[in-house]
Amino acid sequence: MDLTLAASPLLLLLAVAVAGALTWWTYGRSTPRVTGPKRVLLVGLRFAALFVVVLLLFEPVFRRVAQREEPPVLAVLVDASESLTADPEGNAAAPPGAEAVRAALAGLPDADALRLYRFAADVQPLTGDSLAFDGERTDIARAIRTVEEQLEGRNLRGIVLISDGRYNTGRNPLYLAERARVPIYTAVVGDTTAQRDVRVSRVVTNEVAYVGSLLPVRVGVRASGFGGQPATVALVEGGRTVASEAVTLPADGLETTVELEVTPTQPGLHRYAVTVSRLPGEATYRNNAESVTVRVLDTKRRVLLVAGAPSPDLTALRTVLEADPQVELTVRTQRGPGAFYEGALPSALGAFDAAVLVGFPGPAPSDAAAALAGAVSDGLPALFVLAAQTDLGALGRLFGDVLPAAPAVVRPGVDEAGVVVTPAGSTHPVLQVPGVPVDQLDRLPPLAYSTSRWTPAPDARVLASVRRGGVALEAPLLAVRASGGLRTAALLGAGSWRWANLPADLEALDPFYPGLVDNLLRWVTAREDRRPVRVRPTRALFGEREAVTFSGQVYDESLEPVDDADVRVTVTAPDETQTPLTMRPLGNGRYALDAGVLPAGSYTYAAVAERAGQPLGDDRGAFAVGALALEFREPGADAALMRQLARRSGGRVVPVAEVPALPAQLAAEGRLAARSVEEERETPLLHLPLLLGLVVACLTAEWFVRKRSGMV
């Protein structure tokens, strides 16, 4: 215990001494003069009052340290996911771990040190009737992190993790185990031996497809104990098989890949189920199927192809674009100033999704070139492909503000130049053509490259540069640019038709040219999201017992976040029943919505945002609810993960049957000891009413004695 002051104690002593001396001197000159005990009484009363006042002016704080014993806490995390139950379809599933978990919990002592939690995708306190093994996802890392956060500052001595070790959501828990502040004691439930099983290990497809266009679906299949046996992989929609392929199951530890294809005929949200044959004796059938959701659009890209003159480059590009079912192509080939073979240039240029300019503008620029330049400046995405007839002076003059690279110094000559992929281009999606490694692009035939000097725009990305005489130069050959919501790309070499007509020794590069054109067109038409209202479900597919949640963002016309908007979401069920809901604001223009658990099926939603009765914008989309089967993707327990969790955190593996005895064992080892906690308490004396009462009492008593003595 001690007393601290806002100033030096010596200064306090000096002030008290002055107050005492002044008081004694005052009563030595009083009228009438007082002596003896009365003088001592009066001096004592005034000095006591002055002493307290002077002391309080120094802001004294009384501090004392108290010690107490804080009892230990042992957290018990119980896996409540579906993987601990038997397969509900009645096949030869491994013995469930649910009963072993219940038996372990029933044997735990009724001790104050224990804190019980159940976890799957989230973490909740475990009460007597809340243990239902119905979690459709397992996030072990989140469970450990949540318990440490909730018990921060408590005497947490350890975590007991009862689980099969199979996580399918969140981070790898081993990363947390290395930094855990307490040991983790793991109890493995479930069968740890290898089980015979066939499963769909992965499904890869596009999130967005187009009506009438081929949608590829790549399926990975794994098997344990069934290697060499035949099976069938099928793609099912609405109970109807739309594609299938016979396979031979791989050996244990290997994966076989199956390529399935389907052509959507209707727009909307399509849900496909990928299935592999069920074989007798499998551990579970729940992982023989995997669902994917694809958004099918019915809008094609409207592309305007404008050429400065007929050329092989035009023919190659036109052939690729006309073969693409997702492209609605309009062609204009210039034959003279302002004149085109196919007719006049369309007047509504803004109605197109992109413009592809091949050798345009040509030697005779016209009003059409100026109109195209204005449309591109106004936001029409453009792909520039140089050809022999390109007028570089007109190109720089009309399109210099939007080009990824503009001609700074125009020269008439050309040289042959090879392709050198830049570090930025090696990972850019434009050069990611399936089946064509980026490091093989230097084998492409050379292009005719202008001797003019090109200057890339500050916000452009050069994906490929040129190579002359075996020397790589920094001159740009392929560049892209995204600025202010407008995307443009430029291929600055003439003769690109050579890439569409490769010799036999370059047959492996045949897919590159059509893939490059498609990638460039996709990239320039992928507009930045500048919508004022953006509402999306947090997942495309929710489990049947998962709450359907949405996240949203709302902006005004200046794209500033709006915090006080009224955002209403209408969810339409498969039977056309509509449910109106309202999102809650989170601040900084963000909103959230919990729609609760919904029945299985495909849903659509429409969101509308208003502020003070004025509309801000709207959004719409779709999502699906169905069985996830994530918990049955890998049957059995992952004992290796559980051992690593215990070892890295300083804990140990405990048989699940010995979990009830673990608290007593840890207490005997001294690992559940209480800790001594020192608590420092501060009491500012200025806040004590007792001292103020003492000052008033002393002054009142002094006044009473003075009056009785006839003093003035």
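All values derive from a computational prediction rather than experimental measurement. (Residues numbered from 1 in each chain as written. Predicted model: local features only at pLDDT ≥ 70, side-chain atom pairs only at ≥ 80, totals over all residues. Heavy atoms only, no water.)

### Focus: a nonpolar patch on the surface
Link 1 in the chain: Together, Leu11, Leu14 and Val18 make up a nonpolar patch on the protein surface, roughly 280 Å² of accessible area in all.
Link 2 in the chain: Turning to its location among the elements, leucine 11 is positioned in helix H1 (residues 9-26). (Patch = residues over 30% accessible without salt bridge, like charges linked within 9 Å, V, L, I, M, F, W, Y side chains within 5 Å. Areas by Shrake-Rupley, 256 points an atom, 1.4 Å probe, with all protein chains shown as cover. Salt bridge = Lys/Arg side-chain N within 4 Å of Asp/Glu carboxyl O. Helix = DSSP H or I, 4+ residues; strand = E, 2+ residues; numbered from the N terminus.)

### Some remarks on the packing of aromatic side chains
Link 1 in the chain: A complete count under the given rule lists 8 aromatic pairs for this structure.
Link 2 in the chain: Pairing phenylalanine 550 with tyrosine 605 gives two aromatic rings, centres 5.2 Å apart and planes at 70°, and the pair type is edge-to-face. Linking phenylalanine 550 in strand S31 (residues 547-554) with tyrosine 605 in strand S36 (residues 601-611), this pair joins segments that are 55 residues apart in sequence.
Link 3 in the chain: Aromatic pair tyrosine 605 and phenylalanine 623: ring centres 6.5 Å apart, planes at 35°, arrangement tilted. Taken together, the positions of tyrosine 605 in strand S36 and phenylalanine 623 in strand S37 (residues 614-625) put the pair 18 residues apart, joining distant regions of the chain. Of the two residues, tyrosine 605 and phenylalanine 623, neither departs from the other in class, the shared state being buried.
Link 4 in the chain: Among the aromatic residues, ring-to-ring pairing joins Phe542, Phe550, Tyr603, Tyr605 and Phe623 into one connected group.
Link 5 in the chain: It is arginine 302 that lies over the ring of phenylalanine 352; its NZ or CZ is 5.0 Å from the centre.
Link 6 in the chain: Here the guanidinium or amino end of arginine 487 rests over the ring plane of tryptophan 523, the centre of that ring lying 4.5 Å away. (Phe/Tyr/Trp six-rings, centres within 6.5 Å; stacked < 30°, edge-to-face > 60°. Buried < 20%, exposed > 50% of the residue type's maximum accessible area, 1.4 Å probe, protein only. Lys NZ or Arg CZ within 6 Å of the ring centre and 35° of its normal.)

### Focus: the sheet that holds strand S8 (residues 197-205)
Hydrogen bonds between backbone atoms are what pair the strands of a sheet, whose relative direction is either parallel or antiparallel.
Link 1 in the chain: With antiparallel pairing, 3 strands are arranged side by side in an open sheet as S8-S10-S13. The sheet is open, and its two edges are formed by S8 and strand S13 (255-262), each paired on a single side. Here the average twist between neighbouring strands, direction ignored, is 25°.
Link 2 in the chain: With 8 bridges connecting them, S8 and strand S10 (residues 215-224) associate as antiparallel partners. Residue pairing in the sheet places arginine 202 in a bridge with glycine 220 of S10. (Pairing = 2+ DSSP bridges. Axes fitted to C-alpha atoms, helices over the stretch in contact; angles between N-to-C directions.)

### Some thoughts on helix H8 (residues 392-399)
Link 1 in the chain: The set of residues buried in H8 consists of Leu392, Ala394, Leu395 and Phe399. For H8, the angular spread of the buried residues around the axis is 160°, confining them to a single face.
Link 2 in the chain: Contact partners of the buried residues in H8: strand S19 (354-358), helix H7 (367-377), strand S20 (382-385), strand S21 (405-409), strand S23 (447-450) and strand S24 (453-456).
Link 3 in the chain: Here H8 starts with a cap whose side-chain oxygen sits 3.1 Å from the backbone nitrogen of glycine 393, and that cap is aspartate 391. (Arc of directions from axis to C-beta. Contact = heavy atoms within 4.5 Å. Polar contact = N/O pair within 3.5 Å; in protein donor to acceptor, adjacent residues only side chain to side chain.)

### Regarding the nonpolar core
Across soluble globular proteins, you tend to see nonpolar side chains buried next to one another.
Link 1 in the chain: Grouped together as the largest cluster of nonpolar side chains are 75 residues, with contacts concentrated most on Leu372, Phe384, Phe399, Leu478, Trp499 and Phe512.
Link 2 in the chain: A per-element tally of this core places helix H11 (residues 512-525) first, with 8 residues.
Link 3 in the chain: Excluding anything up to four places from it in sequence, tryptophan 499 contacts Val419, Leu444, Pro445, Leu447, Leu491, Phe512, Tyr513 and Leu516. (Core = buried A, V, L, I, M, F, W, Y, C linked by side-chain atoms within 4.5 Å.)

### Some remarks on the sheet that holds strand S27 (residues 486-491)
Link 1 in the chain: Strand order in this open sheet of 11 strands is S18-S17-S16-S19-S20-S27-S26-S25-S22-S23-S28, and the pairing throughout is mixed. Here the strands that pair on one side only, and so sit at the sheet edges, are strand S18 (339-340) and strand S28 (493-494).
Link 2 in the chain: Pairing of strand S16 (residues 301-307) with strand S17 (residues 327-336) involves 7 bridges; the strand directions are parallel. Its bridge partner being in S17, leucine 305 is matched across the sheet by valine 331.

Honestly, it's all geometry; don't read function into it.
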